[in-house]
Amino acid sequence: MKSFLSLLIILSSFMLTAQNNTIAAGEKLTFSASYNMNGLLNELAQVIMETSTVKTSKSTLLKLKCTAATYSNWDSFFKIRDLYESYVNPKTLTPYLYNRDINEGGYEKFMKYTFSYRNKNVASVMRKKRRDGTTWEEKKTVKIGSSTRDLVTTLYHIRNLDIHKATIGDSQNFTVLFDNKETVVRIKYLSKETINTALGKKECYKLGISLSNSNVLKGSNDNVIWLTADQNKVPVYAKFKIAVGSGELKIKSATGLKY
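What you see is a predicted model, and the numbers here were worked out from it, not measured in a lab.

Calculation criteria
Residues numbered from 1 in each chain as written. Predicted model: local features only at pLDDT ≥ 70, side-chain atom pairs only at ≥ 80, totals over all residues. Heavy atoms only, no water. Helix = DSSP H or I, 4+ residues; strand = E, 2+ residues; numbered from the N terminus. Buried < 20%, exposed > 50% of the residue type's maximum accessible area, 1.4 Å probe, protein only. Contact = heavy atoms within 4.5 Å. Areas by Shrake-Rupley, 256 points an atom, 1.4 Å probe, with all protein chains shown as cover. Pairing = 2+ DSSP bridges. Polar contact = N/O pair within 3.5 Å; in protein donor to acceptor, adjacent residues only side chain to side chain. Salt bridge = Lys/Arg side-chain N within 4 Å of Asp/Glu carboxyl O.

J.: With reference to specific residues and values, describe the overall build of the protein chain.
T.: Across its full length, the protein chain carries three helices and 14 strands. Of all 259 residues assigned to the protein chain, the portion counted as buried reaches 46%. A sequence separation of at least 24 residues applies to 52% of the contacts in the protein chain between residues at least 6 apart. Here the protein chain has roughly 12,600 Å² of accessible surface; of this, 46% comes from carbon and sulfur atoms.

J.: Describe the pairing of strand β12 (residues 224-228), listing the residues and the values that go with them.
T.: For β12, a buried count of five out of five residues is recorded, marking the element as mostly surrounded by other parts of the structure. Here β12 shows a buried face lined by V224, W226 and T228 and a second buried face lined by I225 and L227. Bridging between strand β11 (residues 200-211) and β12 involves five bridges; their strand directions are antiparallel. Each residue of the ladder has a partner; that of L207, found in β12, is I225.

J.: Just give me the short version of helix α3 (residues 151-158), but keep the residues and values in it.
T.: Of all eight residues in α3, eight are buried, a share of seventy percent or more. Taken residue by residue, α3 has L151, V152, T153, T154, L155, Y156, H157 and I158 as its buried positions. Its side-chain oxygen at 3.0 Å from the backbone nitrogen of V152, D150 defines the N-terminal cap of α3.

J.: Can you tell me about the environment of A198, naming the residues and giving the values?
T.: Looking at the secondary structure, you find A198 in the loop between β10 (181-197) and β11. For A198, a relative accessible area of 53% puts it in the exposed group. When the C-alpha atoms of A198 and K250 are compared, they prove to be 8.2 Å apart, with 52 residues separating the residues in sequence. Residues in contact with A198, not counting those within four places in the same chain, are I251 and K252.

J.: Tell me about unusual backbone geometry, residues and numbers included.
T.: Glycine aside, residues mostly have negative phi, and peptide bonds are mostly found in the trans state. Positive phi outside glycine occurs at K120, with the angle close to 55 degrees. Inspection of the secondary structure assignment puts K120 in the loop between β6 (107-116) and β7 (121-129). We note that D179 has phi near 50 degrees; this positive angle belongs to a residue other than glycine. Here D179 shows up in the loop between β9 (171-178) and β10. For D179, a relative accessible area of 25% corresponds to the partly exposed category.

J.: So what's going on with the pattern of salt bridges? Residues and values would help.
T.: In this structure the tally under the stated criterion is twelve salt bridges. The residue K165 makes a salt bridge to D162 at a minimum N-O spacing of 3.7 Å. The shortest N-O distance in the salt bridge between E193 and K206 comes to 3.2 Å. Of this pair, E193 sits in strand β10 while K206 sits in strand β11, and the two are 13 residues apart along the sequence. You can call E193 partly exposed: its relative accessible area is 28%. By relative accessible area, which is 19% here, K206 ends up buried. Residues participating in the shared-partner salt-bridge network are R100, K109 and D179.

J.: Now, about the side chain of T154: what can you tell me, with residues and values included?
T.: Here T154 shows up in helix α3. From its side chain, T154 meets the backbone oxygen of L151 in a polar contact 2.6 Å long.

J.: Before we move on, could you go through the pairing of strand β14 (residues 245-255) and cite the residues and values that matter?
T.: Where strand β1 (residues 28-37) lies against β14, eight bridges are found, and the strand directions are antiparallel. Its bridge partner lying in β14, S32 is registered against K250. Relative to β14, strand β13 (residues 235-242) is paired through six bridges, and the arrangement is antiparallel. What sits directly across from K241, in β14, is S246.

J.: Describe in detail the side chain of S124, supporting the description with residues and values.
T.: Along the polypeptide, S124 turns up in strand β7. Separated by 2.7 Å, the side chains of S124 and N180 make a polar contact. Once residues within four sequence positions are removed from consideration, S124 is found in contact with M111, K112, Y113, E138, K139, K140, V142 and N180.

By themselves, these are just geometric observations and shouldn't be taken as functional.
Laid out in structure tokens, this is it:
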């Protein structure tokens, strides 16, 4: 399931914008996730992305939450219960806190990032569950660049970008922090396409994804995401190819959109 989420949330500042004009609290996007098994796409899981307001003693934050869970009839095959969430400035989507809590086929891992852009670092906490049931924990400080973001925040950032001003063929590198490592990602604007979705027929921006110095994603045109070519820029379809197979993500419903 990391592949499904990573394909979406790996996207970031194609053309960075300072203000959040697209994402509001109360939005909920629901997707079906499918994986190619023996030449057939099987719908295995549901992915939900939702936003909400969180008030603290000092400020009001926007919570960006992504969850992934296999359907009950697939749990005996490979049970997945994943949570990714970021707490961000609602005006700029600048992250303050990021949590990742995954349980995939019995493999359990927790990551927590506390961002300090002033000091250009992240206070990281990593916990893993050993085979014997005990827990291993590591705390460290990770240096980051001024534009480095977590996975969840980067996904929502792309929906604020002025993609309509880009020219087909344009590409840009950017940096995302994953497992305490900065990864360089390249996004390429491939074309505009109209596709059929659960939300109806939608004109979309088609973007290609590749990783520098990594063999996680395979093929030159096999990792693609489609965003609606409107003010909401909703991710409605994505496909990916990795070393162990391929799959796709399709929108099922979208509520609480700003526009």
